[in-house]
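# Summary of structural features
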Amino acid sequence: LMWRRPVYADDTLTARAEVLTSRLLRSRPGLGVVSFRFTVTNQRGDVVMTLENPILFACRETAP
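Heads up: these notes are all about the structure in this document. (Residues numbered from 1 in each chain as written. Predicted model: local features only at pLDDT ≥ 70, side-chain atom pairs only at ≥ 80, totals over all residues. Heavy atoms only, no water.)

Quick look at the side chain of aspartate 11 now. Summarising the element assignment, aspartate 11 is placed in the loop between strand E1 (2–3) and strand E2 (14–24). In this structure aspartate 11 is buried but unpaired, with arginine 44 as the nearest side chain of opposite charge at 4.5 Å. Here glutamine 43 takes part through its side chain, which lies 3.2 Å from a polar atom of the side chain of aspartate 11. Setting aside anything within four residues of it in sequence, one finds aspartate 11 in contact with Pro6, Asn42, Gln43 and Arg44. (Helix = DSSP H or I, 4+ residues; strand = E, 2+ residues; numbered from the N terminus. Buried < 20%, exposed > 50% of the residue type's maximum accessible area, 1.4 Å probe, protein only. Lys, Arg positive; Asp, Glu negative; His and termini not counted. Salt bridge = Lys/Arg side-chain N within 4 Å of Asp/Glu carboxyl O. Polar contact = N/O pair within 3.5 Å; in protein donor to acceptor, adjacent residues only side chain to side chain. Contact = heavy atoms within 4.5 Å.)

Structure below.
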């Protein structure tokens, strides 16, 4: 997590999420990790925060 600029009470913030990678876990069948990058901008388009975060998800069953 990196705060790049101060955020004020009257700011209008917009967030964007990008998927960087996704993979299945060999050690835990049925689970996968998706790495995201979140970018938050203010009303002027200035980037105020970035976050890169891997998140664990349960996988959907696939059809045979």
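This structure, assessed with the given rule, holds 2 salt bridges. Notably, a salt bridge pairs glutamate 52 with arginine 37, separated by 3.1 Å at the nearest N-O pair. With a gap of 15 residues between them, glutamate 52 in strand E4 (residues 47–58) and arginine 37 in strand E3 (residues 31–41) connect regions that are remote in the sequence. Judged by relative accessible area, which is 28%, arginine 37 ranks as partly exposed. For arginine 44, the salt bridge is made with aspartate 46, and the minimal N-O distance between the two is 3.5 Å. Look at arginine 44 and you get exposed, because its relative accessible area is 53%.

Turning to the environment of glycine 45, a few remarks are in order. Structurally, glycine 45 is set in the loop between E3 and E4. The exposure class assigned to glycine 45 is partly exposed, which follows from its relative accessible area of 48%. Taking the C-alpha atoms as reference points, glycine 45 and leucine 13, 32 residues apart in sequence, are found 9.1 Å from one another.

It is worth spelling out the pairing of E2 at this point. The buried count for E2 comes to 0 of 11 residues, which makes it a mostly uncovered element. Note that E2 and E3 share 10 bridges and pair antiparallel. Across the sheet, residue leucine 24 finds its bridge partner in E3, namely glycine 32. The hairpin formed by E2 and E3 contains 6 residues between the paired strands, and glycine 30 there has a positive phi angle of roughly 90 degrees. (Pairing = 2+ DSSP bridges.)

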